[in-house]
Amino acid sequence: MKIQLPLWLALLFLSCASVAQTAAPEAPAASTAQQPAQPAVSQDAPPTETPTLPTATQGTAGKLEPPQRAEDFKFTKIDLELLKQANDLDAYLQEKGWAYHDAETNAYLEKLGSSLVPAQTPENVVWRFRVVRDLEVNAFALPNGSIYVNSGLLARMENEAQVAGVLAHEITHVVNRHSYLENRSKRKKMVAVNIIVAVGSVNSGIVGAMSSLLSMIVVSTIFGYSRELEHEADVYAVNTLQLQGYDLREFSRGFELLRKGPEVDLSKEPVFWANHPKLADRVQYVSTMAAQLQGNATSLRVGEGPYRAATKSVIRHNAGLALMLGRPRTAAATAQRLIAEEPNNADNFALLGDAYRSLGPRLPVPDDEELTDHAKNEARKRIQKMTLVEYDKALLADTHGVERWEANAGRSEDAYRRALEMDPNNAPSHRGLGFLYERQDRRTPAAEEFKKYLELAPAAKDARQVKLHLESMENAVPGIGATPAGTPANKP
Ligand SMILES: [Zn+2]
């Protein structure tokens, strides 16, 4: 199934004000994430000296006071227009279903975020902490106080201290009015025009749709901020984490995790990160501060258990998105993580079965050859030209491809069987086995598995789809080996 991401939103999610490290899928994905020509944004000179640490001072109850710049900020008409756009964008993300809703995850994130904000809430800010259903490892803040963390980021992070670092960084963009300051800059407005032109050259149809939304607010979020402001956000985050007793080494480790995904990273030097501090510099800065501030500290907060408990459902949801969007390696890695945490949960094994089945003729983790520059260039070309199905076929034309598919099919069946040993009525495993057997041309057992699935989960969201698929299989029979007329989206 193709999920059409509005281009502006794809761009928004592709970059991050703080932390993005995009990994293209190893096969064509459904995103429209073509990047426009490089706009002229790399003119900010890097800061010539490291800003001094205390941009914020300690206030009451372990909270940081907002820095001077934020206190002096006076709203003008143009700022209020931006504020309205932020509120509109919030509404849009809610209405269009981008926001992820799960009571436990939302409550956890709200509580964590609220513990990191300054004592005094800045004017025209209402703090909200939400999850966006998006695979990219990313987070962003709107100037009205809405902070969004992508499900892809939550799935990559390991503990509360790491996510607290991300949230504190984004909170700084809000408190220090970074969006407003950038919005007031004429040069940045030129950048916005450039983007609109560049995006227009990719897909003019989208421009009309986003004309009311592609505003400075999106632009700031797309481009991130100047190197100086990004550093300021890291400095403030370090101070906040230190005050709250979080282990700063975890903040640093969180940065490292951003660039270590299971997919082949096909992004070249990210266009929009031209003037961002390199990730390595940020790791270095936070590590240095950790040694300086917490060198002898004991009992620092990491919060692994509570984090994992509160984010299980969103992480599973993210794995489902990965399957839909052609990133089975991400799904497999996530399933392994969930199994390590809950080895007796049948759903986790069903997910692993789905991931291996969806890997088709691909290796579960990339080999050295896939990581060469040549292979990456070839993969970039394929992404432009082929659909996921075409790509699978091309790989299967190769002997290695056939061997890999057979190995993945075996692992997939094993995982489903493990799930059914734990719970014979585990519906997703029956559905998965149905698709697996069908792909192996084992039509009769495939039909039986689909029937079991429909018996066990008659109200499932995809029940109707599976039912139609089963009917088309049965109509194509008698005669094992007949080709079904329709294929549901989650068949690899
Ligand atoms: Zn940032």
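Residues numbered from 1 in each chain as written. Predicted model: local features only at pLDDT ≥ 70, side-chain atom pairs only at ≥ 80, totals over all residues.

(A) Looking closely at the overall build of the chain. Along its length, the chain carries 22 helices and four strands. When contacts within the chain are restricted to residue pairs at least 6 apart in sequence, those whose partners lie at least 24 apart make up 75%. (Helix = DSSP H or I, 4+ residues; strand = E, 2+ residues; numbered from the N terminus. Contact = placed C-beta atoms within 7 Å.)

(B) Just the environment of Glu 455, in detail. Turning to its location among the elements, Glu 455 is positioned in helix α21 (residues 443-456). The exposure class of Glu 455 is exposed, given the 11 C-beta atoms found within 10 Å. In the structure, Glu 455 is positioned 30 residues away from Asn 425 in sequence and 9.7 Å away in space, judged by C-alpha atoms. (Buried ≥ 20, exposed ≤ 12 C-beta atoms within 10 Å, placed from the backbone.)

(C) Spatial organisation of the nonpolar core. Among the nonpolar cores identified, the biggest contains 89 residues, and Val 149, Ala 164, Leu 167, Leu 241 and Ala 355 are the most heavily contacted of them. For this core, the element with the highest residue contribution is helix α6 (residues 160-175), accounting for nine residues. Counting contributing residues per domain, this core is built from domain 1 (7-294) and domain 2 (312-476), each supplying no fewer than three. Other than its neighbours up to four places away in sequence, Leu 241 contacts Ala 161, Ala 164, Gly 165, Ala 168, Tyr 246, Leu 248 and Phe 251. (Core = buried A, V, L, I, M, F, W, Y, C linked by C-beta atoms within 7 Å. Domains from an automatic or database assignment.)

(D) Region of interest: unusual backbone geometry. The backbone of Asn 124 shows a phi angle near 60°, a positive value even though the residue is not glycine. Tracing the chain through its elements places Asn 124 in the loop between α4 (103-114) and β2 (128-132). Note on Asn 124: 17 C-beta atoms within 10 Å, which makes it partly exposed. For Arg 177, which is not glycine, the phi torsion reads 60° and is therefore positive. Within the element layout of this structure, Arg 177 appears in the loop between α6 and α7 (178-183).

(E) Examining the sheet that holds strand β1 (residues 99-100) more closely. Pairing in this open sheet of four strands is mixed, and the strands run β1-β2-β4-β3 from one edge to the other. The two strands at the open ends of the sheet, each matched to only one other strand, are β1 and β3 (139-141). As defined by bridge partners, β1 adjoins β2 across two bridges and the pair is classed as antiparallel. Each residue of the ladder has a partner; that of Tyr 100, found in β2, is Val 131. Its contacts with the sheet place α6 against β2, β3 and β4 (146-150), and it is angled at close to 25° to β3. (Pairing = 2+ DSSP bridges. Axes fitted to C-alpha atoms, helices over the stretch in contact; angles between N-to-C directions.)

(F) A look at helix α12 (residues 248-258). α12 sits mainly inside the fold: eight of its 11 residues count as buried. Within the span of α12, buried status applies to Leu 248, Glu 250, Phe 251, Ser 252, Arg 253, Gly 254, Phe 255 and Leu 258. Of the surrounding elements, those touching the buried residues of α12 are α5 (151-156), α6, α11 (227-244) and α13 (279-294).

(G) Highlighting the pairing of β4. In terms of burial, β4 is a largely internal element, five of the five residues being buried. Covered by surrounding structure in β4 are Ser 146, Tyr 148 and Asn 150 together with Ile 147 and Val 149, the residues of both alternating faces. Inspection of the sheet shows β2 paired to β4 by five bridges, in the parallel sense. Directly across from Arg 128, in β4, lies its bridge partner Ser 146. In textbook terms, the turn of a hairpin is the stretch between consecutive antiparallel strands, and for β3 and β4 this stretch comprises four residues, one of which, Gly 145, has a positive phi near 100°.

(H) Spotlight on the environment of Asn 344. With respect to the helices, strands and loops of the structure, Asn 344 is situated in the loop between α15 (328-341) and α16 (346-359). With 74 residues separating them in the primary sequence, Asn 344 and Arg 418 have C-alpha atoms 9.6 Å apart.

(I) Layout of the packing of α6 against α11. With their axes 8 Å apart at the nearest point, α6 and α11 run at an angle of 130° to one another. When the axes of α6 and α11 are compared, the pair comes out oblique. As α6 runs across α11, the sense of the crossing is right-handed. Residues Ala 161, Ala 164, Gly 165, Ala 168, His 169, Thr 172 and His 173 of α6 form the contact with α11, whose participating residues are Glu 232, Ala 233, Asp 234, Tyr 236, Ala 237, Thr 240 and Leu 241. (Parallel < 35°, antiparallel > 145°, perpendicular 65-115°, else oblique. Left-handed = near helix turned anticlockwise from the far one by under 90°.)

(J) Representation of the environment of His 317 in the model. You can see His 317 is positioned in helix α14 (residues 304-324). As for His 317 and Tyr 100, which are separated by 217 residues in sequence, their C-alpha atoms are 9.1 Å apart.

(K) Spatial organisation of the confidence of the model for the chain. Model confidence for the chain is summarised by a mean pLDDT of 77, while 72% of its residues fall at 70 or above. Mean pLDDT in the chain bottoms out at helix α9 (residues 204-210), which sits at 35, and peaks at helix α20 (residues 427-439), which reaches 97. Scored below 50 in pLDDT, residues 199-212 shows 18 contacts in the model against residues more than four places distant or in partner chains. (pLDDT = per-residue confidence, 0-100.)

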